[in-house]
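Listed below, chain by chain, are the residues.
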Amino acid sequence: MAGYLRSLFSRRGGCKQEQESPTSLRSLFHKFRRILELNNAIMEKMAELESALGGEYIFDNAFLSRAVRDMSGLVHQVAYSLNAMTDDRYVELYDRYEYIKGVLDDILSGGLGPQASRLAMGFPELHWENLPLAGMPNVCLAELLRTPHIGAVDGFVVTVTACRLMQEKGMTPKLEQAILRETDALWQRLGRPEGLAVSACPAGGSEPASGLPAQESNREHIVRDVLEACRKGVALGWRDMAVGVRERVPSEYWGRLRTCCPESRTLGAMSLAMSGPAGEEHYNLRRAHPFPPAESDIRPKDEAVRLPDGVKPLTPVGGGLLRGSGLLPADSQRLIAEAGIVLERALGAPQELHLCLDREGVPRILDAAVAEIVEEAADADDLAAVLDQAKVLLRGGNSAQAGAAAGKVVHIKEGDDPEEFPLGAVAVARAASPQLAPFLLKAGALVTELGSTIGHLATVAREYRIPAVFGAAGALKTLKPGAEVTVDASVPVVYAGSLDILLSQSRAGSELYATDPEFTTLRRLLQFIMPLKLTDSGSESFAPQNCRSFHDIIHFAHERAVEELLDAHEGGGACIEPHRLEMRIPLNIGLVDAGGGLAEDAGPVVTRDDILSEPMHRFLGGLRYAWDNRENLQVSMRDIFSGMQRTAAVLQAPAEQGMNLAILATGYFNLSLHMGYHYSVVDAFMQDNPHQNYIYFRFAGGFADAERKNRRAELIRRVLATLQFNVEMTGDLVTGRLKIVDRETMADALEQLGILTAFTRQLDISMGREDSLGRMEQAFREVAAQYEAAKELP
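As a convention, each chain's residues are numbered from 1 in the sequence order in which they are written. Given that this is a predicted model, residues contribute local features only at a pLDDT of at least 70 and side-chain atom pairs are listed and counted only at 80 or more, while totals for whole chains, interfaces and linings are drawn from all residues. Side-chain descriptors were evaluated using all non-hydrogen atoms of the structure, hydrogens and water having been removed beforehand.

Q: Lay out the sheet that holds strand S3 (residues 196–202) with the relevant residues and their values.
A: The strand order across the open sheet built from 5 strands is S1-S2-S5-S3-S4, with neighbouring strands paired in antiparallel fashion. Strands with a single pairing partner mark the edges of an open sheet, and in this sheet they are strand S1 (120–122) and strand S4 (215–217). Adjacent strand axes in the sheet meet at a mean angle of 25 degrees, parallel and antiparallel pairs treated alike. Pairing between two strands requires that DSSP report at least two bridges joining them. Secondary structure elements are taken from DSSP: a helix is a run of H or I of four residues or more, a strand is a run of E of two residues or more, and numbering for both begins at the N terminus. Two elements, S1 and strand S2 (residues 155–158), share 3 bridges in a ladder whose sense is antiparallel. Bridged to Ala120 within S2 is Val158. Fitting a line to C-alpha atoms yields each axis, with helices limited to the stretch in contact; the angle taken between N-to-C directions then spans 0 to 180 degrees.

Next up, the structure:
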């Protein structure tokens, strides 16, 4: 049993003294600190690039080249430092670093990116980084396809590389094969399509593909029509182009949405026009979810004409109500508006969408392009007058992404379903956890009480240009669910209600344009710098070869460096003579100071007062209190004999417990505790920068049968969850992680962990009934409350 448990906490086993080049714990910790310093410097470089993307200042290609060169040097040092910590266990990280750096250099030199050799790509494969290879209209539709409930047409693109080949050699067998392969795949995705539309667009340009008349085609004619579209593009003088092949939607009703409408009497409204056999209509839609019409021009219809949904005007629809004569119901208007807002956020510029209604009256987005509209800034006196009268709900925090947005407040937390989040609403959360990133695909703005503006969530907010405020104390209490608010992240401040003039002001006068070459290059670079794909450090896919960005590399290095310290007690303790901790409880704990963890004059035997490492000091405070005050949880001999397998072997205590070893330093400690038959490990880093703070906690083992041990594991899981830990439980092994929290929260969590560690010793034996779980949970809360009360005493 002891060997099995020990294997849970050590990936390598063995003592470093047996290796050729033993590494001291101090050296290990200094390399770990170096990785933290490098990661911090890289995150600051990332924030600088994102600030440029967010429009905070003008930049040129020289700035981009310098930024990539500097960042590449830092990332290389991270890979080197991790391998120095681990005896070159992760040399594959160098390969991924070289690959990503090569991609970045290619982008800076004007290349088409790592997929430049592709001749045809389905829309499900396309992302923003494929813009120079696939053309903006095709990438816009591909991105809309990934947005739930928005009915963009599916298709594939014949790439710029393929069009160059056609211009040079005509339709080659290899090219024809690639087109037919994607045609078959599209045919399979669509089921029984009524045809395909083929049209070309200039590479990297903003013109809609419909600028070139689309040809209606079928599978048999598709190769011929692609070649013809390419020839027409050449005739138009397009040096580089892509050809889009899309689903053809039979329709009688066609429309256009412009996400910016300067001529509207409603400031900042979107313009939506529809026309068809039943007539024409026009709507000016507000920009705040659910995008209701501020103005509409709906003219009477001939009662004999069927509307797009197949129903005649003024038809009874139940409840004494009539259908009305509008072409578009409110839900359809909202879906169209959502599509425009999604693209406008991604590209940072007003959008023009072309659409139709299918035979069921459902909107389908056919084409998209940047609308070259510049919204005039609101009059300064008018804006000031509105803001003077506006009610301020919340002020303060740090701006992670400038801008303004309005919508209804929705409180979110880890574990909530992003699919349920209404597009355009204002998300409010306690902490800027990376797990909340999926919500930013739909949020109009984000406000958190805790978090760093150089963290992953801030990165995603900038990527999607979502106004975001982090560190706004009291946000959850002040911003009530369902309340309509306007977030001005530039200040930052949150107002009651929707302030149209402020929303209009935030969009006007941008110095950047989405299709500027420098802007496009920066966006492509960030696709290989910022995204964090490797998030689950416990999965098999968490490996160097799966790093797809610089962010992945530094996150991987950080996680593996932490694990290296977690395992340090296996070999490092033998390299240094530890100090023995005297704490008047029956625990044999040795302390190894890696720098600043103990008082300079600390002798061979130390007390808690000699410990300068704050996280260790906090943990021991809770541990000792709970050890001394666990009055109601005495384990009787009856508990022991009813909860064990009655063999002599089980009655013996583990023979290999020895000294419990802790490594500590300024702001850091790692403690491995063998208490009877269970093992726990705590690893914590604590400083003023919340982004680098973390606690790892592992617990497993016990004296009783599997059912009782599992009850104790469930108790620990529940307690950790209430402390905001991200918890995983496999059998009786519980793993908890707490990250991105401020110093005060760290201190409280460490004290609670100390209490929990002492509280749960031998607890499995006394958890013989299912109802004991709730009883013990309540008992723990009472001990924790008593500890908090005791701290208040003079």
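Q: Describe the environment of Thr730, with residues and values.
A: Position of Thr730 among the secondary structure elements: in strand S29 (residues 726–730). Through-space distance from the C-alpha of Thr730 to that of Ala713 is 9.1 Å; in sequence the pair is 17 residues apart.

Q: Can you break down the pairing of strand S26 (residues 668–675) residue by residue, with the values?
A: Counting buried positions over the 8 residues of S26 gives 8, a clear majority of the element. Note on classification: 1.4 Å probe, protein chains only; a residue is buried when its accessible area is under 20% of the maximum for its type, exposed when over 50%, partly exposed between these limits. Residues Tyr668, Asn670, Ser672 and His674 of S26 are buried on one face, and the alternating residues Phe669, Leu671, Leu673 and Met675, pointing to the opposite face, are buried as well. Taken together, the 4 bridges between strand S25 (residues 660–665) and S26 define a ladder with antiparallel strand orientation. Paired with Ala665 across the strands is Tyr668, a residue of S26. Counted between consecutive antiparallel strands, the loop separating S25 from S26 contains 2 residues, among which Gly667 sits at a positive phi close to 75 degrees.

Q: Mind laying out the pattern of salt bridges, listing which residues take part and the relevant values?
A: Salt bridge, as used here, is a side-chain nitrogen of Lys or Arg placed within 4 Å of a carboxyl oxygen of Asp or Glu. Per the stated rule, a full pass over the model turns up 30 salt bridges. For Asp297, the salt bridge is made with Arg299, and the minimal N-O distance between the two is 3.4 Å. When its relative accessible area of 34% is taken as the criterion, Asp297 is described as partly exposed. In this structure, Glu614 engages Arg618 in a salt bridge whose closest nitrogen and oxygen atoms are separated by 3.4 Å. Placement of both Glu614 and Arg618 in helix H17 (residues 614–628) is noted, with a separation of 4 residues, approximately one turn of the helix. A relative accessible area of 27% places Arg618 in the partly exposed class. Overlapping salt bridges bring together Glu614, Arg618, Asp688, Arg743 and Glu751 as one network.

Q: Any chance you could break down the nonpolar core for me, citing the residues and the numbers?
A: The criterion is simple. A nonpolar core is a set of buried Ala, Val, Leu, Ile, Met, Phe, Trp, Tyr and Cys residues joined through side-chain atoms within 4.5 Å. In this structure, Phe32, Met46, Leu49, Ile529 and Phe550 are the most contacted members of the largest nonpolar core, which totals 56 residues. Sort the elements by how many residues they give to this core and helix H2 (residues 25–53) lands first, with 12 residues. The contact definition used throughout considers only heavy atoms, calling two residues in contact when any of these lie within 4.5 Å. For Phe32, the contacting residues outside a window of four places in its chain are Met85, Ala561, Val562, Leu565, Tyr668, Phe685 and Tyr694. If you look at the next biggest cluster of nonpolar residues, it comprises 55 residues, including Ile611, Leu620, Leu623 and Leu738.

Q: Can you tell me about H17, naming the residues and giving the values?
A: With 15 residues, H17 should reach 21 Å at 1.5 Å per residue; the first-to-last C-alpha distance of 21 Å fits that figure. The set of residues buried in H17 consists of Pro615, Met616, Phe619, Leu620, Gly621, Gly622, Leu623, Tyr625, Ala626 and Trp627. What a helix is expected to span follows from its residue count: subtract one and scale by 1.5 Å.

Q: Requested: an account of helix H8 (residues 173–190), with residues and values cited.
A: For H8, which comprises 18 residues, the first-to-last C-alpha distance of 26 Å matches the rise-based estimate of 26 Å (1.5 Å per residue) to within 8%. For H8, the full list of buried residues reads Leu175, Ala178, Ile179, Glu182, Thr183 and Leu186. Down the axis of H8, the smallest arc covering the buried residues is 135 degrees, so these residues share one side. In this structure, H8 carries Pro173, Lys174, Gln177, Arg181 and Gln188 as exposed residues pointing more than 90 degrees from its buried face. Just past H8, the residue Gly191 takes up positive phi, approximately 85 degrees. Arc definition: it is the arc formed by the directions from the helix axis to the C-beta atoms.

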